[in-house]
Amino acid sequence: MKIKADWILPDLKQAQKRTKKEVERIDHFEIPENARFIGQGKKYYISTFGCQANERDSETLAGILDMMEFVPCDDPSQADLVLINTCAVRQNAEEKVLGEVGNLKRFYRDNKDFVIGICGCMAQEEALVQKIITTYPQVRLMFGTHNIQDLPNMLYRVMFQHERLIQVYSKEGEVYENLPVHRFGNYKAWVNIMYGCDKFCTYCIVPYTRGKERSRTMDQVLKEVQELKDEGYQEITLLGQNVNAYGKDLHTDYDFATLLEETAKIGIPRIRFTTSHPWDFSDAMIDIIAKYDNIMPFVHLPMQSGDSDVLKRMGRRYTAESYKELFDKISSRIPNVAISTDIIVGFPNETDEQFQHTLDMVKYCKFDNAFTFIYSPREGTPAARMEDSISKETKSKRLAILNKTWNDFALEKNQAYVGRTVKVLVDGPSKKNENVYTGYTDTNKIVNFTGENIAVGQIVDVKIECAKTFSLDGKAV
Ligand code: 5AD
Ligand code: SF4
């Protein structure tokens, strides 16, 4: 397949560069005249993989498409345009995306005007883009994480000039304000506080796919939160790859603790934030979380490994001991706090003893929830170049042991809720039974419950009657 001269292809080496250059802040957006109405009579479908940052980006894509008069639909077979917003963090996320692209091929075969576009983190990967160029001709458009705002122009070229177009920039990135947003939730919203990551953990592709750490100004964040409050939102989640680093790049006197406090003062009933790196989790942050009732007592604190040598090779900037200290501080100073984590097993050459240290840490911390993964080599990252003599079978066995271990503790943690009355933000009737409602506690536990006159988006008191590993059952009181 021919590479066209005006295509812009991803370049991981370029994406890795970090300079001291001032971040450009762009707050003006408009649809070019020629693309203004190209959605008239057309439907779009967006499929989103991966983390909350992608969910939020999809809301921007939808906002832009709405302005161009496209109409959303929830069935790709009915759509004229399908955008797949992808994740590159592990190989299996990529496989899912390629499966979906394969499924869409039949619609393209029947209708050559059907446009399939791939965006997000996978589009930032060199090898993947080459593979799509050569083996998936039905993909007409690829763009990365840095040029969502250029969607109207790209669609004009693909839909009206019938180009196949690839525009993936590998750069540190800008901060765009005032892009349109079509929020998918009516009472819960995501709020970006910063973009990118500079941590370069050795296994992770994110710093390459999303550019450098760059914060929005506090004024912009608080303005968005105030608007959400005025619109009646009940819960917001402040988003960043590492929220603890918020504000450092702005060279001002405020940081994440300040932002959290100012957000709390606006008075939205529930505030969450994610993700916190254990490095740089300040005492001031702990004090603010403990001080305000509307900051949820829930911390996602990725541990990755319980072994200091592995952590060092992962480039995590903390030891098993310092993780433990931080864990203890958070648990003792924030009343009723729940803590979840991420853990990777089978990092290159992880020994049995090192894995045992991870299990020991899980036994010590008794996490409320854990997201556990087998290490997946990502091309271009330092860990992908490390020797690895651990077999796939050993890695799978370790994952199973780890899961059994944390599950047992999670059940034990949940059992302590039985008999207690908790506040639940109602998401809706459960999918399996419309007489049962579902929602989350302030500590981020899923509750299935029965009750009369329950409305979605309400915060209700629920008495917990039964505990399971991944959820609680109860009755509204
Ligand atoms: N392999 C496995 N898991 C990974 N994660 C990030 N990169 C990889 C990788 N290469 C996990 C980490 C991170 C979570 C979002 O995904 O645990 O915290
Ligand atoms: Fe990846 Fe580490 Fe950045 Fe998290 S902090 S996004 S794991 S590089």
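Residues numbered from 1 in each chain as written. Chains lettered and ligands numbered in written order. Predicted model: local features only at pLDDT ≥ 70, side-chain atom pairs only at ≥ 80, totals over all residues. Heavy atoms only, no water.

### As for the sheet that holds strand β15 (residues 338–345)
Consideration 1: Ordered by their spatial adjacency, 3 strands build an open sheet running β14-β15-β16, and the pairing between neighbours is parallel. Two strands bound the open sheet, and with one partner strand each, they are β14 (298–300) and β16 (369–374). Averaged over all pairs of adjacent strands, the angle between their axes in this sheet comes to 10 degrees, without regard to strand direction.
Consideration 2: Bridging between β14 and β15 involves 3 bridges; their strand directions are parallel. Paired with His300 across the bridge in β15 is Ser340.
Consideration 3: Lying over the sheet, helix α13 (residues 392–415) contacts β15 and β16, oriented at roughly 175 degrees with respect to β16. (Pairing = 2+ DSSP bridges. Helix = DSSP H or I, 4+ residues; strand = E, 2+ residues; numbered from the N terminus. Axes fitted to C-alpha atoms, helices over the stretch in contact; angles between N-to-C directions. Contact = heavy atoms within 4.5 Å.)

### Focus on helix α7 (residues 218–230)
Consideration 1: Here α7 spans 18 Å end to end across 13 residues, near enough to the 18 Å set by a 1.5 Å rise per residue.
Consideration 2: For α7, every residue scored as buried is listed here: Met218, Val221, Leu222, Glu224, Val225 and Leu228. The arc that holds the buried residues of α7, viewed along the axis, is 160 degrees, so those residues lie on one side. Exposed residues on α7 whose side chains face more than 90 degrees from its buried face are Asp219 and Asp230.
Consideration 3: Buried residues along α7 sit against α2 (52–67), β9 (188–192), β12 (235–239) and α8 (256–266).
Consideration 4: A positive backbone phi angle near 95 degrees is found at Gly232, which sits one or two residues after α7. (Expected span 1.5 Å × (residues − 1). Buried < 20%, exposed > 50% of the residue type's maximum accessible area, 1.4 Å probe, protein only. Arc of directions from axis to C-beta.)

### Focus: the pattern of salt bridges
Consideration 1: Enumeration according to the criterion identifies 30 salt bridges in this entry.
Consideration 2: For the salt bridge of Glu163 with Arg157, the shortest nitrogen-to-oxygen distance reads 3.0 Å. Each member of the pair Glu163 and Arg157 is classed as buried.
Consideration 3: A salt bridge links Lys475 to Glu465; the nearest nitrogen and oxygen atoms lie 3.9 Å apart. One end of the pair, Lys475, is in strand β21 (residues 471–476); the other, Glu465, is in strand β20 (residues 459–467), with 10 residues separating them in the sequence.
Consideration 4: Each of Glu59, Glu177, Arg183, Arg216 and Glu224 takes part in a single network of salt bridges with overlapping partners. (Salt bridge = Lys/Arg side-chain N within 4 Å of Asp/Glu carboxyl O.)

### Points about the site of ligand 2
Consideration 1: In the vicinity of ligand 2, the contacting residues are Cys197, Lys199, Phe200, Cys201, Tyr203, Cys204, Val206, Pro207, Gln241, His277 and Arg316.
Consideration 2: Across the shell around ligand 2, the residue classes break down as 7 nonpolar, 2 polar and 2 charged. (Near = heavy atom within 4 Å. Nonpolar A, V, L, I, M, F, W, Y, C, P; charged D, E, K, R; others polar.)

### Focus: empty space enclosed by the protein
The method is simple in principle: a probe with the dimensions of a water molecule rolls over the atoms, and the space it marks as empty is what remains.
Consideration 1: Here the structure, examined in full by the defined rule, presents 1 cavity of 30 Å³ or more.
Consideration 2: As for the largest cavity, its lining consists of Asn54, Asp57, Leu61, Asn85, Cys119, Gly120, Gly144, Thr145, Ile148 and Arg210.
Consideration 3: Per element, the largest residue contribution to the lining of the largest cavity is 3 residues, and it comes from α2.
Consideration 4: Its residues assigned to classes, the lining of the largest cavity shows 3 nonpolar, 5 polar and 2 charged. (1 Å grid on protein atoms, 1.4 Å probe; cavity = no way out; pocket = protein on both sides within 12 Å on 5 of 7 lines; lining within 4 Å. Points joined across faces, edges and corners; volume = space filled by probe spheres on them.)

### Brief notes about the nonpolar core
Consideration 1: Tyr246, Phe256 and Ile330 are the most contacted members of the largest nonpolar core, which has 71 residues in total.
Consideration 2: In terms of residue count, the dominant contributor to this core is α8 (6 residues).
Consideration 3: With near-sequence residues (within four places) excluded, Phe256 lies in contact with Ile193, Leu238, Val243, Asn244, Tyr246, Phe273 and Met285. (Core = buried A, V, L, I, M, F, W, Y, C linked by side-chain atoms within 4.5 Å.)

### Structural notes on the site of ligand 1
Consideration 1: Residues in contact with ligand 1, as listed here, are Val89, Arg90, Tyr203, Gln304, Asp342, Ile344, Phe373, Ile374, Tyr375, Ser376 and Arg378.
Consideration 2: Gln304 is positioned with one of its side-chain polar atoms (N or O) 2.6 Å from an oxygen atom of ligand 1.
Consideration 3: Here Asp342 contributes a side-chain N or O atom positioned 2.6 Å from an oxygen atom of ligand 1.
Consideration 4: For ligand 1, the accessible surface in isolation is 400 Å², of which the surrounding protein chains cover 85%. (Polar contact = N/O pair within 3.5 Å; in protein donor to acceptor, adjacent residues only side chain to side chain. Areas by Shrake-Rupley, 256 points an atom, 1.4 Å probe, with all protein chains shown as cover.)

### Some remarks on the packing of aromatic side chains
Consideration 1: Summed over the entire model, instances satisfying the criterion amount to 12 aromatic pairs.
Consideration 2: Considering the side-chain rings of Phe107 and Phe114, the 5.9 Å spacing of their centres and the 80 degrees angle between planes classify their relative orientation as edge-to-face. The residues Phe107 and Phe114 share a single accessibility class, namely buried.
Consideration 3: With a centroid separation of 5.5 Å and an interplanar angle of 85 degrees, the aromatic rings of Phe200 and Tyr208 are classed as edge-to-face.
Consideration 4: Here the aromatic cluster, defined as three or more aromatic residues joined through ring pairs, consists of Tyr203, Phe347 and Tyr375.
Consideration 5: Sitting above the plane of the Trp279 ring, Arg317 keeps its charged end 4.8 Å from the centroid.
Consideration 6: Lying across the ring of Tyr364, Lys324 places its NZ or CZ 4.6 Å from the centre. (Phe/Tyr/Trp six-rings, centres within 6.5 Å; stacked < 30°, edge-to-face > 60°. Lys NZ or Arg CZ within 6 Å of the ring centre and 35° of its normal.)

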